[in-house]
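Chain by chain, the residues:
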Amino acid sequence: MSNETWCIAGGENGADRRLADALLRGGSTVAIVGRDVAPFALLVDDYADAIMPVELTATTPQALAELRESIELNIGEVTHFGVLLGELGQGTAEQVAERLLGKLKVAGASGAAGVDERADRWPADAQLILVREAAAESGASDQLAENADIEQRIRLAAERSNLPVPAVHVRDLEGLIRGASVVAPR
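Just so you know, these numbers come straight off a predicted model, no measurement behind them. (Residues numbered from 1 in each chain as written. Predicted model: local features only at pLDDT ≥ 70, side-chain atom pairs only at ≥ 80, totals over all residues. Heavy atoms only, no water.)

A. Geometry of the nonpolar core. Core analysis: the biggest nonpolar cluster contains 25 residues, and Val-33, Ile-71, Leu-100, Leu-130, Ile-150 and Ile-154 have the highest contact counts within it. For this core, the secondary structure elements donating two or more residues are strand E2 (29–34), strand E3 (51–55), helix H3 (61–75), helix H4 (93–109), strand E5 (127–132), helix H6 (140–161) and strand E6 (167–172). The element contributing the most residues to this core is H4, with five residues. Not counting the four nearest positions on each side in its chain, Leu-130 is found in contact with Val-83, Leu-85, Leu-100, Ile-154, Val-168, His-169, Val-170 and Arg-171. (Core = buried A, V, L, I, M, F, W, Y, C linked by side-chain atoms within 4.5 Å. Buried < 20%, exposed > 50% of the residue type's maximum accessible area, 1.4 Å probe, protein only. Helix = DSSP H or I, 4+ residues; strand = E, 2+ residues; numbered from the N terminus. Contact = heavy atoms within 4.5 Å.)

Okay, here's the thing in structure tokens:
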């Protein structure tokens, strides 16, 4: 049985539902965030209190803080934030890292005072899991190397710019669905 509490956001073509189902089967508790939570009704039927679909109506810092508080109140402190990257996760490691760092910088610039508050509220042991769909042309070892490269680029850029970034792991969707570990052995 897993002690993990996941918050999943993003996803195309049911990827979020597939990941949530796999995590729930593995014993995790899951909050799944989206603009339309209707596709998750069957998961609620199957897993009852282990899943919490949350409709996202706004992405302001206040709305996101309230969303997180609601999740923590209902299912516990989030240990893993899973963000399905969709098109953001396509391309070379350099391209993907550049896009993700651009998103982090925009989020940081949207309210300098809010960044510090959000950083203080990030759970100490929580991990940010960036989920990519495997590229058809790359093999498993190539994908692992690309993911490790993206992680390293994000860590280095965050250190240089003092961005408040938690432990970041980049994983492929199918690996997570098959039950691969979030934290790769080093």
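Past the structure itself, the notes keep going.
B. The arrangement of the side chain of His-80 in detail. Secondary-structure assignment places His-80 in strand E4 (residues 80–84). Here the side chain of His-80 touches Thr-79 through a polar contact of 2.7 Å, side chain to side chain. If we skip the residues at most four places from it in the chain, His-80 touches Glu-4, Thr-5, Trp-6, Cys-7, Gln-127, Ile-129 and Val-182. (Polar contact = N/O pair within 3.5 Å; in protein donor to acceptor, adjacent residues only side chain to side chain.)

C. How the structure looks around the pairing of E4. With respect to burial, E4 is a largely interior element, four of its five residues being buried. As paired strands, strand E1 (residues 5–10) and E4 are joined by five bridges and run parallel to one another. Pairing of Cys-7 across the sheet is with Phe-81, part of E4. Sheet analysis places E4 next to E5, joined by five bridges and oriented parallel. Following the sheet pairing, His-80 is matched in E5 by Gln-127. (Pairing = 2+ DSSP bridges.)

D. Fine view of the sheet that holds E5. On the basis of which strands lie adjacent, the open sheet formed by six strands has the order E3-E2-E1-E4-E5-E6 and parallel pairing. Of all the strands in the sheet, just E3 and E6 have a single pairing partner and so form its edges. Taking each pair of neighbouring strands and ignoring which way they run, the sheet shows an average axis angle of 20°. In terms of strand pairing, E5 meets E6 through six bridges, oriented parallel. (Axes fitted to C-alpha atoms, helices over the stretch in contact; angles between N-to-C directions.)

E. Structural detail: H6. Helix length check: H6, at 22 residues, gives a terminal C-alpha distance of 32 Å against a target of 32 Å (1.5 Å per residue), a fit within 8%. Those residues of H6 that fall on the buried side of the exposure criterion are Gln-143, Asn-147, Ile-150, Glu-151, Ile-154, Ala-157 and Ala-158. Seen along its axis, H6 keeps its buried residues to an arc of 140°; they face one direction. Opposite the packed face of H6, turned more than 90 degrees from it, sit the exposed residues Ser-141, Leu-144, Glu-159 and Arg-160. (Expected span 1.5 Å × (residues − 1). Arc of directions from axis to C-beta.)

F. Just the environment of Pro-39, in detail. Position of Pro-39 among the secondary structure elements: in the loop between E2 and helix H2 (41–47). With a relative accessible area of 43%, Pro-39 lands in the partly exposed category.

G. Examining the pattern of salt bridges more closely. The final tally for this structure, using the stated rule, is seven salt bridges. Across the salt bridge formed by Glu-72 and Arg-68, the nearest N and O atoms sit 2.9 Å from each other. Taken as a pair, Glu-72 and Arg-68 lie in helix H3 at a separation of four residues, close to a single helical turn. Given the relative accessible area of 14%, Arg-68 is considered buried. Note that Arg-155 and Glu-151 form a salt bridge whose closest N and O atoms lie 3.8 Å from each other. Remark: Glu-151 and Arg-155 occur in helix H6; sequence separation between them is four residues, near one turn of the helix. Three or more residues joined by partner-sharing salt bridges are found here, namely Glu-151, Arg-155 and Arg-171. (Salt bridge = Lys/Arg side-chain N within 4 Å of Asp/Glu carboxyl O.)

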